[in-house]
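Structure assessment
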Amino acid sequence: MSVEAVKLTETTGSEVRGEVSSLLKPENAAAIRQLLTERGVLVFRQLNILDEDQVRLAGMIGTLRDEGEGHVFKVTIDPGENAKADYLRGSFLWHMDGTHDTVPAFASLLSGRQLSAQGGDTLFANSYAAYGALPRAMQERIADLRVVHSFATSMENAGIARTPANEAYWNSIPEQTHALVWTHESGRKSLVIGCHAKSVVGLDKAESDALIAELLAWVTQDRFVYRHKWTVGDMLIWDNTGVLHRAEPYAADSGRMMHRTTLLGEEAFS
Ligand SMILES: [Fe+2]
């Protein structure tokens, strides 16, 4: 059996139709994974999947990361629910997960359990497509550049207070330097950039800041972006190695609650 899907935009995202029971058939795992890496984001509207089935589906398309309870991490910025809620405010800015590691998460599954009355859309920008559409001169200019990624930079960009306690935590996460253009084992190329990009190695600060801003603006143009407006029960999967993501800001006390299951990375940044 094949998976029935329709494109949501020209470059980014496909909606997958079907019941949970059909998605969980082992013979569909390869097709779902293939579609995910081609389209960057898969949308399953009002799937109303149970946590245990979300974990089963995740385990069919990759290797589960040990997080949350039974591989389900509750994404909320309510400090009563999440001790690291402050950190999740960084998710309001365009980012990739795992740039502070050498091998970033492959993909995440996210189910909407409770929504905020205002804000809370999730946006995805396809950095494979954005790289491919860059002018040749820019592709050549950035071909060998490397970028330092810093947790502190992302927190500062998110406007989190630089208290001694916050700073100690931020600085406990070492900076990482990755190729700006990630040539994947598949041969495809994507851009490694986001609110965590601190500086381009070898450029002076003004040139570095300008290039990071220019490329981030390029990747996040409407033509590479899919915006998801949630209905309770929707589930998304995104390929973290080829798309940036962010959430539209929402109030900490809005009750918004997402259940996330993450798949371990399979390939190091280049
Ligand atoms: Fe994220």
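Scroll up a little and you will see the structure.
I will try to describe carefully the structure that is included in this document. (Residues numbered from 1 in each chain as written. Predicted model: local features only at pLDDT ≥ 70, side-chain atom pairs only at ≥ 80, totals over all residues. Heavy atoms only, no water.)

Section: the sheet that holds strand β3 (residues 41-44)
Spatially, β1-β2-β3-β13-β5-β15-β4 is the arrangement adopted by the seven strands of the open sheet, whose pairing is mixed. Both edges of this open sheet fall to β1 (4-7) and β4 (73-75), since each of them pairs with a single strand only. Between one strand and the next, the sheet's axes are offset by a mean angle of 25°, whatever the strand orientation. Alignment of strand β5 (residues 107-114) against strand β13 (residues 235-239), held across five bridges, turns out to be antiparallel. (Pairing = 2+ DSSP bridges. Helix = DSSP H or I, 4+ residues; strand = E, 2+ residues; numbered from the N terminus. Axes fitted to C-alpha atoms, helices over the stretch in contact; angles between N-to-C directions.)

Notes on the coordination of the iron ion
Surrounding the iron ion are the protein donor atoms His 95 (NE2), Asp 97 (OD) and His 245 (NE2), which sit 2.2 Å from the metal. Each donor residue of the iron ion belongs to the same chain, with the gaps between them written as H-x1-D-x147-H. Of this pair, His 95 sits in the loop between α4 (85-88) and β5 while His 245 sits in strand β14 (residues 243-247), placing them 150 residues apart in sequence. Look at His 95 and you get buried, because its relative accessible area is 9%. (Donors = N, O, S within 2.8 Å, 3.2 Å for Na, K, Ca; no water. Buried < 20%, exposed > 50% of the residue type's maximum accessible area, 1.4 Å probe, protein only.)

Remarks on the sheet that holds strand β12 (residues 225-228)
With antiparallel pairing, three strands are arranged side by side in an open sheet as β12-β6-β14. Either end of the sheet is taken by a strand with one partner, and the two such strands are β12 and β14. With strand direction ignored, the average angle separating the axes of adjacent strands in the sheet is 15°. Pairing of strand β6 (residues 122-126) with β14, which is carried by five bridges, proceeds in the antiparallel orientation. Looking at the pairing, Leu 123 lines up with Arg 246 of β14.

Remarks on the nonpolar core
Core analysis: the biggest nonpolar cluster contains 29 residues, and Leu 134, Ile 142, Leu 180, Leu 191, Ile 193, Leu 215 and Leu 244 have the highest contact counts within it. Every element with two or more residues in this core is listed here: β6, α5 (127-133), α6 (136-142), β9 (181-183), β11 (197-200) and α9 (205-219). Sorting elements by how many residues they give to this core places α9 first, with six residues. Discounting chain neighbours no more than four positions away, the residues touching Leu 180 are Ile 142, Leu 145, Arg 146, Val 147, Ser 190, Leu 191, Val 192, Ile 193 and Leu 215. Core analysis: the next-biggest nonpolar cluster, separate from the first, contains 22 residues, Ala 29, Ile 32, Leu 57 and Leu 109 among them. (Core = buried A, V, L, I, M, F, W, Y, C linked by side-chain atoms within 4.5 Å. Contact = heavy atoms within 4.5 Å.)

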